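Take a look at the letters that make up each chain.
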Amino acid sequence: MNAVGTRAMRVGERAVLVELAGGEETEAFHAELLRRRAAGTLPAVREIVPAARTVLLDGVADPERLAAELPGWEVGPLSARVGAAVGIPVRYDGPDLAEVAALWGVSVEAAVRIHTAAEFRVAFCGFAPGFGYLTGLDERYGVPRRATPRTAVPAGSVALAGPYTGVYPRSSPGGWQLIGTTDTVLWDTGREPAALLAPGTRVRFTEAGATGEGGR
Amino acid sequence: MSDRAVAVVRAGALTTVQDLGRTGHAHLGVPRSGALDPAAVRLVNRLVGNPGTAAVLETTVNGCAVRTRCAVTVAVGGAPCPVRVDGRPAAWGTAVRVAAGSVLEIGTAVRGVRAYVAFGGGIDVGPVLGSRSTDLLSGLGPAPLADEMVLPLGRPPYTATKGYVDAPPWPGPPDELVLRVRLGPREDWFTDAALRTLATRAYRVSPASNRIGLRLEGPALERALPGELASEGMVLGAVQVPPDGRPVVFLADHPTTGGYPVVGVVREADLGAVAQAVPGTPVRFTPVR
């Protein structure tokens, strides 16, 4: 596909912000950037930061030229990448699970089946080191944030907000709907790589109780 | 007393370990962090013979004190402040040889905000993702200094140090901040009147400023577009405008993404002075191409 609707804006002296038509286009454009960087055809950049509908390129030597070039790129389709998806075993015991199931108009059991059946992809990271915004649930399963955020969400909480699923890498305040808990460590600076989830990583959630994994 | 380390005697209001930062991980939500006044870090490191990337202490307003466990060459720069070794005045802004077992005292800044203290060999805490910087937003790197904490030092550099440079030029802390700003990427979210306000009116440094952002007091910038912007990547120096209309200039510990529109970006060369601007300092923005 061509990068239709793509707009590249200068940001300060050394950065370019690329705005795309939607989330899928953004993920495809980000994948294209990584492909070109791996192939050595992308000019040197210090940071490539995808977000909901944009990709920021920071630390660019000639941002003017890159900004002029980017909208004309041919962007390949977002193919299923080689390699296995990261599996995250979840105990679906979150305090908001019943409310989420009600919002979806299904039983709690069906809500768990919907979440474990979907294949997710890390669209982007942010909020805290190692916190990924995962897409993959059907549009109709979008949920609002909680009206009042919790002052402390435990580490390992699996949560939903808008179209996204996320896993809290550490305890922090948060307004997402908590549907479960995982023992999987999302962020560990003593490990390489520190982040389990990086933009582009494919993810599947499994029910911990059902497989005997991840129980305490 | 022969190990290469210093022990914290007085931690001060907020003293952190800083180097030139943790770049290359923004896509994982990791802020760049690093010293707010990198030019001062390079200079104090040069004075003691360290590479510019060595980790130093960054103090806030009222300095700190450490006891040396080894003989070490130190240099204090950035904000001008009194320096004492075992109670006796020592030189600011140049290399000073300190004997083992001495108390090095960095006093309250006479002007400016942040003093930088380099030790020969650098502060040798374990790096996290390639940097020893304390990141106050996400809690990466060593904790801020606390009394009695012990900081290991690296092996001293081979180069001769004392008198390596006698009197380097130091920029003085600013009486007024003049920040060159390149408009965009979201200047179209603001009214023409707001852009005129930004370019012409005076702001003041708010006492709520910190390592994450320079907060400003002054006229609010009116939005032309209502609604919310989807979160997008943020750069150092971004002038983000929250709903109250008062601009915030993002500094080293800024979040990697944000959802408030960025009206412009301050030149990186102008941000060192921001690190030294005390609350109440007048601020003007000058749009540049």
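Caption draft 1: Quick look at the domain arrangement of chain B. Residue and element names in this part refer to chain B. According to the domain assignment, chain B contains domain 1 (5-152) and domain 2 (177-287). Spacing between the C-alpha centres of domain 1 and domain 2 amounts to 28 Å. Taken together, the contact between domain 1 and domain 2 spans 22 residues of the former and 17 residues of the latter. If you sort the residues of domain 1 by the area they bury against domain 2, Arg 32, Leu 36 and Leu 137 come out on top, with a joint share of 39%. Our count for the contact surface shared by domain 1 and domain 2 stands at 2 salt bridges. Here Arg 211 ties to Glu 58 by a salt bridge, and the two come within 2.9 Å at their closest N and O atoms. Linking domain 1 with domain 2 are 10 residue pairs in polar contact (both at pLDDT 80 or more), by the criterion used here.

Caption draft 2: View of the interface of chain A and chain B. Contact residues are listed per partner, giving 35 residues for chain A and 31 residues for chain B. Taken as a group, Glu 13, Arg 46 and Glu 47 of chain A account for 18% of the area that chain A buries against chain B, more than any other trio of residues on that side. The interface formed by chain A and chain B includes 1 salt bridge. We note a salt bridge from Glu 19 of chain A to Arg 186 of chain B, for which the minimum N-O separation is 2.8 Å.

Caption draft 3: Up close: the packing of helix H3 (residues 97-104) of chain A against helix H4 (residues 108-117) of chain A. Residues and elements named next belong to chain A. Between H3 and H4, the least distance of the axes is 9 Å, while the angle of their chain directions is 85 degrees. Relative to H4, the element H3 lies roughly perpendicular. Across from Leu 97, Ala 98, Ala 101 and Trp 104 in H3, the residues of H4 making contact are Val 108, Ala 111, Val 112 and Ile 114. For the contact of H3 with H4, a count of residues per class yields 8 nonpolar, no polar and no charged.

Caption draft 4: Highlighting the side chain of Glu 58 of chain B. All names here are of chain B. For Glu 58, the position within the fold is in strand E3 (residues 56-58). Engagement of the side chain of Glu 58 in a polar contact is seen with the backbone nitrogen of Leu 36, the distance being 3.0 Å. Beyond its immediate chain neighbours, meaning those up to four positions away, Glu 58 contacts Leu 14, Thr 15, Thr 16, Gln 18, Ala 35, Leu 36, Arg 114, Ala 115, Tyr 116 and Arg 211.

Caption draft 5: Expanded view of the pattern of salt bridges. Residue and element names in this part refer to chain B. For the coordinates displayed, the defined rule picks out 25 salt bridges over all chains. Here Arg 69 and Asp 3 are joined by a salt bridge, their closest N and O atoms 3.6 Å apart. A residue pair is termed long-range when its members are at least 10 positions apart, and Arg 69 in the loop between strand E4 (64-68) and strand E5 (72-78) and Asp 3 in the segment before strand E1 (5-10) qualify at 66 residues. With relative accessibility at 26%, the residue Arg 69 sits in the partly exposed group.

Caption draft 6: Region of interest: the sheet that holds strand E3 (residues 47-50) of chain A. Residues and elements named next belong to chain A. In spatial order, the strands read E1-E2-E4-E3; together these 4 strands make up an open sheet with antiparallel pairing. The open sheet is flanked by strand E1 (7-11) and E3, the only strands paired with a single partner. Strand-to-strand twist of the sheet, defined as the mean angle between neighbouring strand axes without regard to direction, takes the value 20 degrees. Looking at chain direction, E1 and strand E2 (residues 15-19) are connected through 5 bridges and run antiparallel. Bridge pairing in E2 places Val 11 opposite Ala 15. Packing against the sheet, helix H1 (residues 23-39) makes contact with E2, E3 and strand E4 (54-58), and its axis sits at approximately 30 degrees to E4.

Caption draft 7: Focus on the pairing of strand E10 (residues 115-119) of chain B. Residue and element names in this part refer to chain B. Of all 5 residues that make up E10, 5 are buried, and the element is covered over most of its length. The alternating pattern of E10 places Ala 115, Val 117 and Phe 119 on one face and Tyr 116 and Ala 118 on the opposite face, and all of these are buried. Of the pairings in the sheet, the one linking E3 to E10 comprises 2 bridges and is antiparallel in character. Of the residues in E10, the one forming a bridge with Glu 58 is Tyr 116. Of the pairings in the sheet, the one linking E5 to E10 comprises 5 bridges and is antiparallel in character. Bridging from a neighbouring strand, Ala 75 pairs with Ala 118 of E10.

Caption draft 8: Layout of helix H2 (residues 192-200) of chain B. Residues and elements named next belong to chain B. Looking at H2, one finds that the buried residues are Ala 194, Leu 195, Thr 197 and Leu 198. Viewed end-on, H2 has its buried residues packed into an arc of 155 degrees, placing them on one side of the element. Of the residues in H2, the exposed ones pointing more than 90 degrees away from the buried face are Asp 192, Arg 196 and Thr 200. Packing partners of the buried residues in H2 comprise strand E12 (177-183), strand E13 (203-205), strand E19 (262-266) and strand E20 (282-287).

Caption draft 9: Inspection of the domain arrangement of chain A at higher detail. Residue and element names in this part refer to chain A. For chain A, the domain assignment lists domain 1 (7-72) and domain 2 (86-211). Each of domain 1 and domain 2 has a C-alpha centre, and the two are 28 Å apart. The interface of domain 1 with domain 2 comprises 6 residues on the first partner and 6 residues on the second. Contact between domain 1 and domain 2 buries roughly 530 Å² in total, counting both sides, with carbon and sulfur atoms accounting for 52%. In this structure, the connection of domain 1 to domain 2 is made through 1 salt bridge. A salt bridge links Arg 121 to Glu 27, with the shortest nitrogen-to-oxygen separation between them at 2.5 Å. The interface formed by domain 1 and domain 2 holds 2 residue pairs in polar contact (both at pLDDT 80 or more) in total. Looking at the side of domain 1 that touches domain 2 element by element, the count peaks at 3 residues for H1. In the side of domain 1 that touches domain 2, the residues fall into 4 nonpolar, 1 polar and 1 charged.

Caption draft 10: Just H1 of chain A, in detail. Residues and elements named next belong to chain A. Helix length check: H1 (17 residues) gives 24 Å between terminal C-alpha atoms against 24 Å at 1.5 Å per residue, within 8%. Next to the buried residues of H1 lie E2, E3, E4, strand E6 (120-125) and strand E7 (132-135). Looking one or two residues past H1, Gly 40 carries a phi angle of roughly 80 degrees, positive in sign.

About the cut-offs
- Residues numbered from 1 in each chain as written.
- Chains lettered and ligands numbered in written order.
- Predicted model: local features only at pLDDT ≥ 70, side-chain atom pairs only at ≥ 80, totals over all residues.
- Heavy atoms only, no water.
- Domains from an automatic or database assignment.
- Contact = heavy atoms within 4.5 Å.
- Buried area = accessible area lost by both parts, 1.4 Å probe.
- Salt bridge = Lys/Arg side-chain N within 4 Å of Asp/Glu carboxyl O.
- Polar contact = N/O pair within 3.5 Å; in protein donor to acceptor, adjacent residues only side chain to side chain.
- Axes fitted to C-alpha atoms, helices over the stretch in contact; angles between N-to-C directions.
- Helix = DSSP H or I, 4+ residues; strand = E, 2+ residues; numbered from the N terminus.
- Parallel < 35°, antiparallel > 145°, perpendicular 65-115°, else oblique.
- Nonpolar A, V, L, I, M, F, W, Y, C, P; charged D, E, K, R; others polar.
- Buried < 20%, exposed > 50% of the residue type's maximum accessible area, 1.4 Å probe, protein only.
- Pairing = 2+ DSSP bridges.
- Arc of directions from axis to C-beta.
- Expected span 1.5 Å × (residues − 1).

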